[in-house]
Amino acid sequence: MKRKLAMLLAALCLTVLAAGCGASSSGAASFGGKTDSMAAPSAMTEEAGGDSGAAMDMNGFAAYEESGKAKSQLRAEKDSSDGSKLIYTADLNLETTTFDETVKNLSALVEELGGWTQNSSVSYGGSGYRYGSYAVRVPKEKFSMFLTRAGELAHVTYTSSNVEDVSEMYYDTAGRLETQKTKLARLQDLLAKAENMEDIITIESAISEAESQIESLAGEMKHYDSQVDYSTVQFSLNEVYQLSNVEQPATGFFSRLIGALSSGARGFADFVQNFLLMLAYAWVWVALVALVLVGTVLVCRKRKTHSKAEAPAPETQDDKPE
């Protein structure tokens, strides 16, 4: 029995290695050509012999037939609608004079298109204007629509997009996943027929390794599906007083004067706010400096008073010797 089991495991490993090499050669090679997957069960039957070997052969044939059907389905999926697995990404720089309203409209647009905001942050610049950084995910079929409508909600100063074709890696991973599933099914059949503890331990160790590989490959497939099905758009939103590279209508002197006064008032208000915020952050240091100054003034006054008290009184006319 040990000899038969060793032969079965050896033949199984050779079969899995052959299938794995065929799957990893390329996406097209994995799903476009045929592999001689029936040779392994027959060889195992010849080596093992007997009723047990025949049972193993039938189970192996069914497992490989199921694997062949799964690969055929994957191949059909790849061939239908080209089957290309493309990852779309884009970067945008946007400007707006109405920051809160624009953020609200962009968030509503993402939700309307069936996407979500992956991360966001807002910070204040030195002039008091806000700067937002966002990353959103939108369905791949709504990718172009989002870019177009985002450009209508804010002023675009920079844009770039990228398309990455991961078809070969995707289908290669899918092929290796199916190979590991087939290997797991064969090992489970062997485990059900194992009779001694040594064989059981060996087969269970191989099953654990196969399950680990399946979990890892399934995670890769899930990651690819997420990146392909939902495109990623990263964009920054700058709050500005006046949009850049946009021609402004001619204005008269009084309009310009009012605008300058308004801008000056806003700049002064921003300065006061920033100054108060700075004091709020540094109030401990401000208190320490104030205490040192007060202490220094008190010490100086005390020394001055003490010096006046110890100074000799000036001589008068009557005190002079005759």
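Keep in mind it's a predicted model, so treat the numbers as computed, not measured.

Draft legend 1. Just the overall build of the chain, in detail. Counting secondary structure elements, the chain contains 10 helices and five strands. Taking contacts inside the chain between residues at least 6 apart in sequence as the whole, the part at least 24 apart equals 81%. On the chain, roughly 20,800 Å² of surface is accessible, and the fraction owed to carbon and sulfur atoms is 57%.

Draft legend 2. Representation of a nonpolar patch on the surface within the structure. A cluster of nonpolar side chains, namely Phe-268, Phe-271, Val-272, Phe-275, Leu-276, Met-278, Leu-279 and Val-286, defines an oily patch on the protein surface of about 750 Å² accessible area. Summarising the element assignment, Met-278 is placed in helix α9 (residues 253-281).

Draft legend 3. Spatial organisation of the sheet that holds strand β1 (residues 86-96). Read from one edge of the open sheet, five strands run β2-β3-β5-β1-β4, paired in mixed fashion. The sheet is open, and its two borders are formed by β2 (116-124) and β4 (155-165), each paired with just one other strand. Between one strand axis and the next, the sheet turns through 10° on average, direction left out of account. Sheet topology places β2 next to strand β3 (residues 130-139); eight bridges connect them, and they run antiparallel. Paired with Trp-116 across the bridge in β3 is Arg-137. Along the sheet, helix α6 (residues 143-153) contacts β1, β3, β4 and β5 (230-239); its crossing angle with β1, the most-contacted strand, is approximately 5°.

Draft legend 4. Region of the structure containing the confidence of the model for the chain. Scored by pLDDT, the chain comes out at a mean of 76, with 67% of its residues at no less than 70. In the predicted structure, residues 21-73 sits below a pLDDT of 50 and forms 71 contacts with residues beyond four places in sequence or in another chain. Scored below 50 in pLDDT, residues 75-80 shows nine contacts in the model against residues more than four places distant or in partner chains.

Draft legend 5. The pairing of β5, seen in detail. Most of β5 sits out of view: seven of its 10 residues are buried. The sheet contact formed by β1 and β5 spans eight bridges and is parallel. Opposite Thr-96, over in β5, you have Glu-239 as the bridge partner. Pairing geometry for β3 and β5, over nine bridges, is antiparallel. Its bridge partner being in β5, Arg-137 is matched across the sheet by Thr-232.

Draft legend 6. Looking closely at helix α8 (residues 197-229). Look at α8: 47 Å from first C-alpha to last across 33 residues, which is about the 48 Å you get at 1.5 Å a residue. In this structure Asn-196 caps α8, since a side-chain oxygen of it lies 3.3 Å from the backbone nitrogen of Glu-198.

Draft legend 7. Geometry of the nonpolar core. With 19 residues, the main nonpolar core has Leu-94, Phe-146, Val-233, Phe-235 and Leu-237 as its most contacted residues. Secondary-structure elements contributing two or more residues to this core are β1, α5 (99-112), β3, α6 and β5. Top contributing element to this core by residue count: α5, with five residues. Core analysis: the next-biggest nonpolar cluster, separate from the first, contains 18 residues, Val-166, Ile-203, Ile-214 and Val-228 among them.

Draft legend 8. Geometry of the packing of α5 against α6. Contact geometry for α5 and α6: axes closest at 10 Å, N-to-C directions at 160°. The angle between α5 and α6 places the two elements in the roughly antiparallel class. Where α5 crosses over α6, the handedness of that crossing is right-handed. Every residue of α6 that contacts α5 at Thr-102, Asn-105, Leu-106, Leu-109, Val-110 and Glu-112 is listed here: Phe-146, Arg-149, Ala-150 and Leu-153. Split into classes, the residues belonging to the contact of α5 with α6 amount to six nonpolar, two polar and two charged.

Draft legend 9. Here's a closer look at the packing of helix α7 (residues 167-193) against α8. Put simply, α7 and α8 touch, their axes get as near as 9 Å, and they point 155° apart. One element, α7, and the other, α8, form an angle in the roughly antiparallel class. α8 is crossed by α7, and the crossing has left-handed handedness. Looking at the contact of α7 with α8, its residues break down into 18 nonpolar, four polar and seven charged.

Reading the values: rules and limits
- Residues numbered from 1 in each chain as written.
- Predicted model: local features only at pLDDT ≥ 70, side-chain atom pairs only at ≥ 80, totals over all residues.
- Heavy atoms only, no water.
- Helix = DSSP H or I, 4+ residues; strand = E, 2+ residues; numbered from the N terminus.
- Contact = heavy atoms within 4.5 Å.
- Areas by Shrake-Rupley, 256 points an atom, 1.4 Å probe, with all protein chains shown as cover.
- Patch = residues over 30% accessible without salt bridge, like charges linked within 9 Å, V, L, I, M, F, W, Y side chains within 5 Å.
- Salt bridge = Lys/Arg side-chain N within 4 Å of Asp/Glu carboxyl O.
- Pairing = 2+ DSSP bridges.
- Axes fitted to C-alpha atoms, helices over the stretch in contact; angles between N-to-C directions.
- pLDDT = per-residue confidence, 0-100.
- Buried < 20%, exposed > 50% of the residue type's maximum accessible area, 1.4 Å probe, protein only.
- Expected span 1.5 Å × (residues − 1).
- Polar contact = N/O pair within 3.5 Å; in protein donor to acceptor, adjacent residues only side chain to side chain.
- Core = buried A, V, L, I, M, F, W, Y, C linked by side-chain atoms within 4.5 Å.
- Parallel < 35°, antiparallel > 145°, perpendicular 65-115°, else oblique.
- Left-handed = near helix turned anticlockwise from the far one by under 90°.
- Nonpolar A, V, L, I, M, F, W, Y, C, P; charged D, E, K, R; others polar.

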